[in-house]
Structures are given as structure tokens and as C-alpha cells.
Amino acid sequence: QVQLVESGGGFAQAGGRLRLSCAASGSISRINHMSWYRQAPGNQRELVAKIFSYGNADYADSVRGRFTISNDIDRNTVNLEMNSLKPEDTAVYYCHAVVLTYGTDVFTPFWGPGTQVTVSS
């Protein structure tokens, strides 16, 4: 139905920067919002940043001021600019979208497979 494909990520030193991108494709009528979550080993998955289709965004306290989420409604994409990276930002980052698919009247959540971000001290 809907596929999310993440790109970017990789390795960075503390203080460095990385950019994540996610593209949604498939039977998409409308996207309510897209988000980035992350999960470090032994931890629960946590919300990093969320952006609604009209541009309103919110951030976890741990990344506010360092990370910036943006979207392109026409291309169904979401990006995450990560600056001033810290070792504690190391995690698998997941793209998440809440989508109204064609032929339905219910918004459904979808997840990407995840991309690894590793920050060395």
C-alpha cells in the first residue's frame, strides 16, 4: 500500500552533522503528518520530531535547537537535519507517516525499515 524509504544516516563525530531523508510512495491520498523516531539498543522507540502537512513541527526536548525537520508535500518527503550531534544520538532512526490511502476513510500509520546513525565521541 504505502512504502517509506529512508536515506542518509551513517557515521559522524560528536559536533558533526547528518541529514536523513524519507520518501513515501504508493496509494497515498493524503498525509496527515510525518515523523522521525529513533531507537537505541535497550531503549524504547522514541519520537524525535514530527511535522504536519501544513508545516507545524514539534521536537523532543533532547533534540530541540539541534535538529530541524522539514517536508515537501508535493513529493511526500520528509527530511531531518541533525546538527551538533552527540554520542547519545546514536540509534536506528525510523521514518513514520500517517496516511489516508485511496479507497479508505481512515488514516493509517506506516513505518520505514530504519537507518543507522552512529555518533562517535
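The model shown is predicted, which means the values in this text are computed figures rather than measured ones. (Residues numbered from 1 in each chain as written. Predicted model: local features only at pLDDT ≥ 70, side-chain atom pairs only at ≥ 80, totals over all residues. Heavy atoms only, no water.)

Each helix and strand counted, the protein chain has 0 helices and 11 strands in total. Relative to a compact globule of 121 residues, whose C-alpha radius of gyration would be 14 Å, the protein chain shows 14 Å and is just as compact. If one aligns the C-alpha atoms of the protein chain with their principal axes, the spans along those axes are about 50 × 25 × 20 Å. Split into buried and exposed, the 121 residues of the protein chain put 40% on the buried side. Considering only intrachain contacts with a sequence separation of at least 6, the fraction spanning at least 24 residues in the protein chain is 55%. Total accessible area on the protein chain is roughly 6,500 Å²; 48% of this is exposed by carbon and sulfur atoms. Averaging the coordinates of the 10 positive side-chain charges in the protein chain and doing the same for the 10 negative ones gives two points 3 Å apart. (Helix = DSSP H or I, 4+ residues; strand = E, 2+ residues; numbered from the N terminus. Rg over C-alpha atoms; globule rule 2.2 N^0.38 Å. Buried < 20%, exposed > 50% of the residue type's maximum accessible area, 1.4 Å probe, protein only. Contact = heavy atoms within 4.5 Å. Areas by Shrake-Rupley, 256 points an atom, 1.4 Å probe, with all protein chains shown as cover. Lys, Arg positive; Asp, Glu negative; His and termini not counted. Charge placed at Lys NZ, Arg CZ, Asp CG, Glu CD.)

Another aspect to go through is unusual backbone geometry. Positive phi, close to 55°, is recorded for Asn76, a residue that is not glycine. At Ser84, a residue that is not glycine, the phi angle is positive and equals roughly 45°. Among the structural elements, Ser84 can be located in the loop between strand 8 (77-82) and strand 9 (91-101). Overall, Ser84 belongs to the partly exposed group, its relative accessible area being 41%.

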